[in-house]
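# Residue-level structural notes
Chain by chain, the residues:
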Amino acid sequence: MANTTRLAKEGEIWAVGGGKGGTGKTFITSSTGTTLAKRGHRVVMVDMDIGGANLHSFFGISRPQKSLTSFFESGTRLSDLTVDTDLPNMSLITGDIHSIASDTIRFSQKLKLFRQIMKLNVQNVLIDLGAGSHANTLDTFLIADRMIIVLTPEVIAIENMYHFVKNSLFRKVKLTLKEYGFKEIVQHIWDRRQSYGIKNLKDLIDYLKDSFSYIRTILDNELAGFRIHLVVNMVRNNQDILLGTSIKSVLTKYLGVPILYSGYVEYNDVVWKSVRERKQLMLNYTATGCAKQVETIVDNILNGREVNVPGGYA
Amino acid sequence: MTPEEMKRHLDVLELGARATPSEIKNAYLRLRKLYGGTSIVLDPIAEEFSDKKRSKILQEIEDAYAALLKAGREREAAPMPYAAAAPAAVGAAPKEAEPAGPPPADLVFSGPVLREVRERLGIDLLEISKLLKLRGELLRGMEEERYEILPEEIYLKVHLKNLAACLRLKPAKVVDDYIARYREWKSKR
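Presented here is an overview of the structure given in this document.

Criteria and cut-off values
- Residues numbered from 1 in each chain as written.
- Chains lettered and ligands numbered in written order.
- Predicted model: local features only at pLDDT ≥ 70, side-chain atom pairs only at ≥ 80, totals over all residues.
- Heavy atoms only, no water.
- Core = buried A, V, L, I, M, F, W, Y, C linked by side-chain atoms within 4.5 Å.
- Buried < 20%, exposed > 50% of the residue type's maximum accessible area, 1.4 Å probe, protein only.
- Helix = DSSP H or I, 4+ residues; strand = E, 2+ residues; numbered from the N terminus.
- Contact = heavy atoms within 4.5 Å.
- Salt bridge = Lys/Arg side-chain N within 4 Å of Asp/Glu carboxyl O.
- Polar contact = N/O pair within 3.5 Å; in protein donor to acceptor, adjacent residues only side chain to side chain.
- Phe/Tyr/Trp six-rings, centres within 6.5 Å; stacked < 30°, edge-to-face > 60°.
- Axes fitted to C-alpha atoms, helices over the stretch in contact; angles between N-to-C directions.
- Parallel < 35°, antiparallel > 145°, perpendicular 65-115°, else oblique.
- Left-handed = near helix turned anticlockwise from the far one by under 90°.
- Nonpolar A, V, L, I, M, F, W, Y, C, P; charged D, E, K, R; others polar.
- Arc of directions from axis to C-beta.

Within the largest apolar cluster, 89 residues are counted, with the highest numbers of intra-cluster contacts made by Y162(A), L208(A) and L13(B). The biggest single contributor to this core is helix 5 (residues 155–179) of chain A, with 10 residues. Filtering out sequence-adjacent residues up to four positions away, L13(B) remains in contact with I24(B), A27(B), Y28(B), L31(B), I61(B), A64(B), Y65(B) and L68(B). Formed by 32 residues, the second largest nonpolar core is a distinct cluster that contains A37(A), V83(A), V265(A) and V298(A).

Attention now moves to the interface of chain A and chain B. Across the boundary between the two partners, chain A contributes 19 residues, which contact 17 residues of chain B. Connecting chain A to chain B are one salt bridge. The partner of K253(A) in a salt bridge is E14(B), and the shortest N-O contact between them spans 3.4 Å. Between the two partners, chain A and chain B, sit six residue pairs in polar contact (both at pLDDT 80 or more).

This part is about the packing of aromatic side chains. Residue and element names in this part refer to chain B. Applying the stated criterion to the full structure yields 14 aromatic pairs over all chains. Taking the centre distance of 5.9 Å and the plane angle of 35 degrees together, the rings of Y182 and W185 count as tilted. Placement of both Y182 and W185 in helix 9 (residues 171–188) is noted, with a separation of three residues, approximately one turn of the helix. The class for Y182 is buried, based on a relative accessible area of 3%. Accessibility expressed as a relative area gives 23% for W185, which makes it partly exposed.

Next up on the list: the packing of helix 6 (residues 125–132) of chain B against helix 8 (residues 153–166) of chain B. Residue and element names in this part refer to chain B. Relative orientation of the contacting elements helix 6 and helix 8 amounts to 125 degrees, with a least axis distance of 11 Å. Regarding the angle of helix 6 to helix 8, the classification is oblique. For the pair helix 6 and helix 8, the sense of crossing is right-handed. Along the contact surface, helix 6 presents I128, L131 and L132, while helix 8 presents N162, L163 and C166. Of the residues belonging to the contact of helix 6 with helix 8, the class tally is five nonpolar, one polar and no charged.

This part is about helix 5 (residues 111–120) of chain B. Residues and elements named next belong to chain B. Of all the residues in helix 5, the buried ones are G111, V113, L114, V117 and R118. The buried residues of helix 5 occupy an angular sector of 165 degrees when projected down its axis, which confines them to one face. G122, located one to two residues past helix 5, shows a positive phi value of around 70 degrees.

Geometric values such as these leave the question of function open.
Shown next as structure tokens:
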């Protein structure tokens, strides 16, 4: 799985997750996706928030005619499920509001879904993930070339985000080593962590690397691409913006993985207003601060750069 | 301070190589507050950051800031700092232990050299722009030697003189060097 994350024709998969619900994952997916499409990229957005799907609402679609349900229930091909939007080079694959729950998806269905996502003939697939850290959500997050997490400046969102990133990394380590034939080793050591003096995930990874040189090589290679793009949504002041800088610092020290603070979006009523009016923000409210901040986020993610933060400290 | 030491200290403060003095100070205060007190960023995983671990982080932050501050002060105290500030490319090693002498005779103050001097002094273009009330674009044009966007020679000389003063360089030498290159370009047009 880890080695197949290249979209057909050198495109990129972007996945937007983050743990807590209501932080604006769907907003970030829809607005960054639209931004890419406006720049001429062929874009498909997939709503993987199974059970709580509402990506279509950000494009003024009230009741999608087709949805992922057909993929799971009758095996319709993913490429036949796209729904048109206002832009000719942008389409959606809407999620399902009713019939299925995330944990009822079978492993084989999941792999089939991932295979078909890779085969979509576009430049960018954007995946909107649901809340929580369920294995299916994490696995979808991990197939992405750009892993984006969204949070708001509040303690529960921050807490859930740590949990989400930690579980993603743990799963990545486990899946990677499983692929190389070390299926049980991670869990085995983790279960006996006290006797090994391991207190957290970073210790575990360091222990694995120090104990087995071939595992070091594997993890160094495979984790090189594990890079998180951080987006802080609904910021109200400079202190909120600087939270992103602090989170980057803590996450780096806590898990030892690279974090890029890609940007922030200010709190603005125009976001819910645009949804209510059934108008996509990035097509109808381009002069607003939040639209410009979304543009910056897209630039930074594409170029692997970070946002400029104001002076002062939080 | 060697460039490696400099980089290590800046890494601790989570800053890039071009951090300005005010950015260094802000980063220090922010990190000290983050790891020294309570915050919504650290609280959710407080158990991962034991007192011992925090003290170690805080000590590193203090050490890095103290070292950077000391280096900054020494640089300011030097009577003519361009010996230390002159680019390594033209042969002047940036060793602060060496007495700050005059710049090497063959050092030509071209746009890129002026830029390098400015960066080594840790001065942001924006600061100079504010101080001299000159557009950042124009100052950048001077550094990048985009002569076509620069004003007439007589005005350019004034700007160069002021810029040299900001960088604590000898104005006459900067103006002569730069204008010579400018004229050469103009004659080829």
